[in-house]
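Residue-level structure breakdown
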Amino acid sequence: MVHDEPGVARLLASPAFTRARALAGPLADDSVRLRTLLEQVDRKTFGIGTIDDLHGRLDIDIACSVVEARAEELDEGLGEGVDDLDPTTSARLRLVIAALSYLVIDHDAIPDHRPNGHIDDVAIVRWVTQVAAGHLPPPHDDHGHHGPVAPSSGAPIGAPLDGAVG
C-alpha cells in the first residue's frame, strides 16, 4: 500500500495522475515549462473558487516553492539534470511536479468544476509535500526503487516512462 489512506493510493494510481507523472520528468529539466506550470496553478479555479480559497493552500504553496527553486537552479545553470540527482531527490522532485500538473488538469478523479472538485487535488498535493519534506518516506518497490509504484508499469512514480509526453 502506498499510504495508510486507500483513497490516496487510488488517486496516485488514477489515469489522470499517471498522465501527470509522465509529464514530470521532462518538465523537471525545463525552467520555462516549470514557470508555465506555476502560472497555471496561480490561475486555477475550482467549483468553490480559486486556489486562494482552498483549505490546502499551504501545501500548494510549498509545492510551488519547490518547483520555483528548481526553475531558478536551472536558470542559473546550477541545477543538475533530474536523472543525475540522487534517486530520492529525483523521485521527490518528480512527485511534486506531478502533483502540481495533476492540480491543473480539469478532468481528473473528481472534475474540478464541482463544488468538491478540489478534494482529490489537495489530497495528492498534501501527500506529496509530506513525502518531499521527508515526513513520509518514499515507498520502495520490490526492486529497491524509490517512490510509489505505478500499478500499470511497475515503475516508481516519478520514474521516466517510455514515450512520456513532453
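Residues numbered from 1 in each chain as written. Predicted model: local features only at pLDDT ≥ 70, side-chain atom pairs only at ≥ 80, totals over all residues. Heavy atoms only, no water.

Let's shift gears to helix H3 (residues 31–43). In a regular helix each residue adds 1.5 Å, so 13 residues correspond to 18 Å; H3 covers 19 Å between its end C-alpha atoms and thus fits that length. On its buried face, H3 sits against helix H2 (15–28), helix H4 (57–75) and helix H5 (87–104). N-cap assignment for H3: the residue whose side-chain oxygen lies 3.1 Å from the backbone N of Val 32 is Asp 30. (Helix = DSSP H or I, 4+ residues; strand = E, 2+ residues; numbered from the N terminus. Expected span 1.5 Å × (residues − 1). Contact = heavy atoms within 4.5 Å. Polar contact = N/O pair within 3.5 Å; in protein donor to acceptor, adjacent residues only side chain to side chain.)

Taken as a whole and judged by the stated rule, the model has 9 salt bridges. Here Lys 44 makes a salt bridge to Asp 106, at a shortest N to O gap of 2.5 Å. Residue Lys 44 is found in the loop between H3 and strand S1 (45–46), and its partner Asp 106 is found in the loop between H5 and helix H6 (119–132); the two are separated by 62 residues along the sequence. The shortest N-O distance in the salt bridge between Arg 70 and Glu 73 comes to 3.6 Å. Within this pair, Arg 70 and its partner Glu 73 are both found in helix H4, separated by 3 residues, close to a single helical turn. Among the charged side chains, a network of salt bridges with common partners joins Asp 29, Arg 70 and Glu 73. (Salt bridge = Lys/Arg side-chain N within 4 Å of Asp/Glu carboxyl O.)

Bringing the confidence of the model for the chain into the picture now. Averaged over all residues, the pLDDT of the chain equals 79, while 77% of them reach at least 70. When mean pLDDT is taken per element in the chain, H3 scores highest with 95 and strand S2 (residues 49–50) scores lowest with 83. pLDDT under 50 marks residues 139–166. Its contacts with residues more than four places away, or in other chains, come to 58 contacts. (pLDDT = per-residue confidence, 0-100.)

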